[in-house]
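Observations on the model geometry
Spelled out, the chains give:
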Amino acid sequence: MKVTAQIPATIANLGCGFDCLGLALPIYNIITIEETVLPGSGIEINIIDEHNQDNVENIPRDKNNIVYKAIELLYNYIGQSPNELKISIKTGIPVARVLGSSASVIVGGLIAANELLGHPADEAVLLSIATEIEGHPDNIAPAILGGVVLSDWEEDGSVVSKKLPWPEDWLVTICIPDYELSTGISRSVLPKEVPMKDAVYNLRHSAMFIQAVHTRDEELLKLSLKDRLHQPYRTKLVPGMNQIMENLKHTEGVLGCVLAGAGPSIAVIQDGKNTDTIKEIVSSAWNNINVNAQIYTLPVTDEGAKIILQQ
């Protein structure tokens, strides 16, 4: 039996929602799991990168692969161990650009294996297992559910998530520079403690964000995306970001500019009326410091991970 899953890219944090907000974009990874018929054939893992095969050369092809680890946890959940499996990973989501590439393959491995095993795990279990591997649910939840999702990881390991009613005409211009920034490095610059006033600031703005989305209030959304918990520390790792944010501040159609997750990609939330100008502003700022970028304007996809082939 062979099962193929399609999983969207995701952007976490969205400024004010550090480690708890995320949204799904229509860029996809494809995961295929096949039960092999030859006893003792073991685990075979193949990886194809649509952008640059060099990006995935160092990814493990054995039991240390993150997709295999996710599958193994699901098998263990039902008291089994995976034996002969062929795993194929086709990466349409750029690696190490903080578009949820790791969350996507984790989720893809889980939902494909769950289909292969006859659906022993429900959505809550899949969320919990995937979050255990990833370390936080902000990318995991939108990868599974689609849309814009508020999520929390409880002390008992369960994940609480809620989709928000994102307006269809609010688009995301995702700006992907031609260099990598690991999440580990990006997290290393964050302080272990923050001032109470900064914590309260983000609480206020997170509440504003939820209200802005529910009421389609563009002016409130502009205010809500401001952050003091992570972006002030991380922008120094993203050359040109301060200039880009300043240049976009008074640009018609821009509702906000934030780091995509931990960076280096940048997400510009906009109303779709001035897309070419927005792209030119970002490109120009990065070109001035010799940074090339891929820039796409995309809707938020309301569809999360799904099975697209079963044989």
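The structure presented is a predicted model; accordingly, all values stated were derived computationally and were not measured. The residue count restarts for each chain, going from 1 along the sequence in the order it is written. Residue-level local features of this predicted model are given only where pLDDT is at least 70; pairs of side-chain atoms are given and counted only at 80 or more, and the full residue set underlies all totals for whole chains, interfaces and linings. Heavy atoms from the whole structure form the basis of all side-chain values; hydrogens and water molecules are not counted.

With that out of the way, let us pick up the nonpolar core. Ile33, Ile71, Ile87, Ile89, Val107, Leu110 and Ile140 are the most contacted members of the largest nonpolar core, which has 40 residues in total. Helix and strand labels come from DSSP, where a helix needs a run of H or I of at least four residues and a strand needs a run of E of at least two; each type is numbered from the N terminus. Elements that contribute at least two residues to this core include exactly strand S1 (2–12), strand S2 (21–35), strand S3 (43–49), helix H1 (66–77), strand S4 (85–91), helix H2 (101–116), helix H3 (123–134) and helix H4 (140–145). The greatest single-element share of this core, amounting to nine residues, is contributed by H2. In this analysis, two residues are considered to be in contact whenever any of their non-hydrogen atoms come within 4.5 Å of each other. Once residues within four sequence positions are removed from consideration, isoleucine 71 is found in contact with Ile33, Pro82, Leu85, Ile87, Gly109 and Ala113. By size, the runner-up hydrophobic cluster in this structure holds 30 residues, among which are Leu25, Ala212, Val258 and Leu298. Joining through side-chain atoms within 4.5 Å is the link that ties buried Ala, Val, Leu, Ile, Met, Phe, Trp, Tyr and Cys residues into a set, and such a set is a nonpolar core. Exposure categories follow from relative accessible area, calculated using a 1.4 Å probe and restricted to protein chains: below 20% of the type maximum is buried, above 50% is exposed, and the middle band is partly exposed.

Attention shifts here to the layout of surface pockets. Each cavity reported here is a set of points on a 1 Å grid over the protein atoms alone in which a 1.4 Å probe fits but cannot get out, each pocket an open set with protein on both sides within 12 Å along at least five of seven lines, and each lining residue one with an atom within 4 Å of a point. Grid points are joined across faces, edges and corners, and a volume is the space filled by probe spheres set on the points. Size it by volume and the largest pocket reaches roughly 580 Å³. The wall of the largest pocket is formed by 24 residues, among which Lys222, Lys226, Met245, Lys249 and Cys257 lie closest to the centre. Taken together, the elements giving at least two residues each to the lining of the largest pocket come down to helix H7 (218–224), helix H8 (231–234), helix H9 (241–248) and strand S8 (254–259). Residue contributions to the lining of the largest pocket peak at five residues, all from S8. Of the residues in the lining of the largest pocket, the class split is nine nonpolar, seven polar and eight charged. The calculated volume of the second largest pocket comes to roughly 330 Å³. When residues of the lining of the second largest pocket are traced back to their parent elements, those giving at least two are H2 and helix H5 (183–188). Throughout this entry, Asp, Glu, Lys and Arg are counted as charged residues, while Ala, Val, Leu, Ile, Met, Phe, Trp, Tyr, Cys and Pro are counted as nonpolar. The remaining residues, Gly among them, count as polar.

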